[in-house]
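Single-letter residue listing:
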Amino acid sequence: MRYFLQRIAFYLFTAWAAITLNFFIPRLVPGDPVQSLIAKYRGQLSSEAIQSLYVLFGLDKQESLWQQYLDYWKQIFQGDLGLSFTFFPAPVSQVISQALPWTVLLVGITTIISFLLGTGLGVLAGWRRGSWADGLLPVTTFFSSVPYFWLGIIAIYLLAGPGSFFPSSGGFDSGLVPAWDQYFIPSAIQHSLLPALTILISSVSGWILSMRNMMVTVASEDYITVAHAKGLSERRVAVSYAARNALLPNVSGFALSLGFIVGGTLLVEIVFSYPGLGFTLLQALGAKDYPLMQGIFLVITISVLVANLLADVAYLLLDPRTRKEG
Amino acid sequence: MSEPVLEIRNLDVDYGLGDRAVHAVRDVSLTLHRGEVLGLAGESGSGKSTLAYGLTRLLPPPGVITGGQVIYHPEKDSPYDVLALSDRKLREFRWAETAIVFQGAMNSLNPVHKISTQLTDVLRAHDPAMSEHSRNARAREMLKLVGISPDRMDAYPHQLSGGMRQRVMIGMALILQPQVVIMDEPTTALDVVMQRQILGQLIELRERLGFSVIFITHDLSLLVEFSNRIAIMYGGRIVEEAPASTIYRNALHPYSEGLLGSFPALRGPKRELAGIPGSPPDLAGMPSGCSFHPRCPKAFDPCPTTVPVLGPPADANAAGRTVACWLHPALENR
C-alpha cells in the first residue's frame, strides 16, 4: 500500500511537471496565434476586435507570466481549456470531447483486440514451437516492419474507391448526423474497418513476438517441468503455469500502450481523415492553435500517466513478488 | 531382497537425432526394490539426471529415449512399461506412482501461485472427485508432515526460505503417496546444515510411509550415509553397483575409488585426499573401449579397445554387486 501511495505521489509530480511544460512550451515558440487568426480573416478585423482577441486568448501583454501560469491552473481545474482558434469560437474542451470518442473507440478497441489476439497466438506459438502458429511469425513481422500509415495508404489504394464497401475517408457517411441509431452506428463501424485493420495488422506481431519469446523462456523453467511431472493436464500447465508467468511483461506493455491510444495513431487518422484526436491535432498545428494543442497534449499526458498507473496496478495484481507486506 | 518396484531395462537416451546424436545414457539397467534407497552418483554430465528424466518421460527436447523399458510394478496390479503408456495414462502415472523432487529448490515452485494452489492442483488433477475442503486438509497435513506450519498455506514461494521451499516440494512429492520418489540432487542449493536436516527428515518419512527412493547426487558421502545401494555412473553407463557399505569399504572400479578418495572421512585415520585427474568425457566424442580409460591410473591392454560388461565380478565376493571393469572381469566377459 505504501508502495502504491509512493507511485501515486510520483505520478502527481509528473503530471504537474508535464502540465507546466505544456504551459511554457507554446509561449516559447515564435509566432502569435492572433496573427494567424488575423491572417485567417484576411485583415477584415478592426483594431478593437484584435485587441479583444488578445484579451480573450489571455495573450494581452499586461499580465506577467506568473499570473498567466496561475490563471492557467485555475482554468484547468474548472475544465476550461480556453477557446480554439481553428474551430473559433468553440471551446477547446468541446472540440476535444467531440474528437476523443472517435479515437478512443477506434484505437482503443483495436488495441485490445490486437493485444488479445497477439497474446493468444503468442502463447500457441511459444508452447508448440514449430507449429502453424510459429509459421505466422515471419508474415506478421513483415507487416509490422511496414510503417502503418503506408500500410493505410496501400489499403486505401487497393480496397477503397468508388463502389467499394470500404470508404476511404471520414468517420461516417456525410449525410448522417452523429447519434446512437441504426443508420449512424453501422456507418461508423464501416468507416472504422480499414483504419482498424491497418492498426491491427501493424501492431499484432509485436504482441505475438513478445509473448512467444516469453513463453519459450518460461517453458524451460524448473516449475514447468515440475508441473508436467505432477501429471497436470497439458492445458493447465500451458495456461496456469507457463502463460500466467509469461504474461507479466506483456500486460505491462499493454497498459502502457493504452496510454498511446490517444496520441499514438496520429498518422492513421491523417491518412484516413478520421475525425479523431490526431486529425484534430494536425489541424491545430497547421493553425498555430495553442489552446487546442495544449488541450490535446494535456489529454495525451494524462492518459499516458493513467496508463502507467494501470501498468503498476496490473503488475501488483499479477505478480505477488512485487507486493510488499504491510 | 524384497520385490522390485521399478526396473530399468537397457535404457538408452540420446540428445538429438541421427548421426549427431549424443548418447547421454547407454544401456542402463537398474532395479529399485520396494522400500529401499538407491543412490545414483557420478560427475556432472555422467547421465544421472538424464536417466531420472528419461524414466519419467520428462526429457526436455531434444532428448529422446531410443531404447529400453521401464517396468513399473504397482502394489496390486500387474507390472507395465512406463515408456509404452498413452499420454493420458502417463499423466495418471506421474506423481501418483512416481514423484520427483528436483534440483532447483529455488525455481521448482511457480512464483505467481500460492503454495496452497500448487499443493492442491495436483490433487485436483488426479482425483477430480475430491472436495475442496478435503484437498485443503490434505495439503495442510503434508505441510505439517514436513515441518512447516500449516498457516503458511497462503504464502507465495518468494516468502519462504530455500529450505522451506524444498520441504514444500518434498511434501508435494508425497501428497499422493507415491511408491517411488526420485530425488534429483534435492539439497544442492542448500547449506550443509539444512541438507542434513532435510535428508534426515526424508529418511524418517520413508520409514514411516514406506516409499522407495532413487537418490541422485554427485556427493557420494551423502549416499554412503543415506542409501542402501549405490550405483555409480560414468559417461552414460553404470560402472559399478553394490550395497552402500560394500562400495564404501571395497570399491572395485577405479572411478568409484577415485570418487571415494575425493572426500574426507569423518572418523578413522587421516588420509591423503586425491582428485580424479582429467575431466569428464565429452559425450559427443566418447573414448573407445571403457570410457574411463584415459583417466584411469590402472588402465591396461583391453581397456582402450573393448567395453567391459557390467556383471558380478568373478574374483571378488560377488554378493549382490556388479562392476564393469577389466580389472575385475565379470563372468560373461571371459
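Further up the page is the structure itself.
What you are looking at is a predicted structure, and each value in this text was computed from that prediction instead of being measured.

Procedures and definitions
- Residues numbered from 1 in each chain as written.
- Chains lettered and ligands numbered in written order.
- Predicted model: local features only at pLDDT ≥ 70, side-chain atom pairs only at ≥ 80, totals over all residues.
- Heavy atoms only, no water.
- Buried < 20%, exposed > 50% of the residue type's maximum accessible area, 1.4 Å probe, protein only.
- Helix = DSSP H or I, 4+ residues; strand = E, 2+ residues; numbered from the N terminus.
- Pairing = 2+ DSSP bridges.
- Contact = heavy atoms within 4.5 Å.
- Buried area = accessible area lost by both parts, 1.4 Å probe.
- Salt bridge = Lys/Arg side-chain N within 4 Å of Asp/Glu carboxyl O.
- Polar contact = N/O pair within 3.5 Å; in protein donor to acceptor, adjacent residues only side chain to side chain.
- Nonpolar A, V, L, I, M, F, W, Y, C, P; charged D, E, K, R; others polar.
- Axes fitted to C-alpha atoms, helices over the stretch in contact; angles between N-to-C directions.

A.B. asks: Got a sec to walk through the pairing of strand 6 (residues 98–101) of chain B? Specific residues and values, please.
C.D. replies: Residue and element names in this part refer to chain B. Where burial is concerned, the two faces of strand 6 agree: the one with Thr-98 and Ile-100 and the one with Ala-99 and Val-101 are both buried. Of the pairings in the sheet, the one linking strand 6 to strand 7 (residues 180–184) comprises four bridges and is parallel in character. Across the sheet, the residue bridging to Ile-100 is Ile-182, located in strand 7.

A.B. asks: Now, about the interface of chain A and chain B: what can you tell me, with residues and values included?
C.D. replies: Each partner contributes to the interface: chain A provides 23 residues, whereas chain B provides 26 residues. Carbon and sulfur atoms make up 60% of the surface buried where chain A meets chain B, a total of about 2100 Å² over both sides. Along the contact surface separating chain A from chain B lie two salt bridges. Across the contact surface, chain A and chain B share 11 residue pairs in polar contact (both at pLDDT 80 or more). Those elements that place two or more of their residues in the side of chain A that touches chain B are helix 9 (222–229) and helix 10 (234–259) of chain A. Tallying contributions element by element places helix 10 of chain A first for the side of chain A that touches chain B, with seven residues. Looking at the side of chain A that touches chain B, its residues break down into eight nonpolar, six polar and nine charged.

A.B. asks: I'd like to hear about the sheet that holds strand 5 (residues 80–81) of chain B, residue by residue, with values.
C.D. replies: All names here are of chain B. Overall, antiparallel pairing links the four strands, which are arranged 2-1-4-5 in an open sheet. Each having just a single partner strand, strand 2 (22–33) and strand 5 make up the two edges of the open sheet. When strand 1 (residues 4–15) meets strand 2, the two strands line up antiparallel, connected through eight bridges. Paired with Tyr-15 across the bridge in strand 2 is Val-22. Packed onto the sheet, helix 1 (residues 48–55) meets strand 1, strand 2 and strand 4 (63–72) and runs at close to 110 degrees relative to strand 1.

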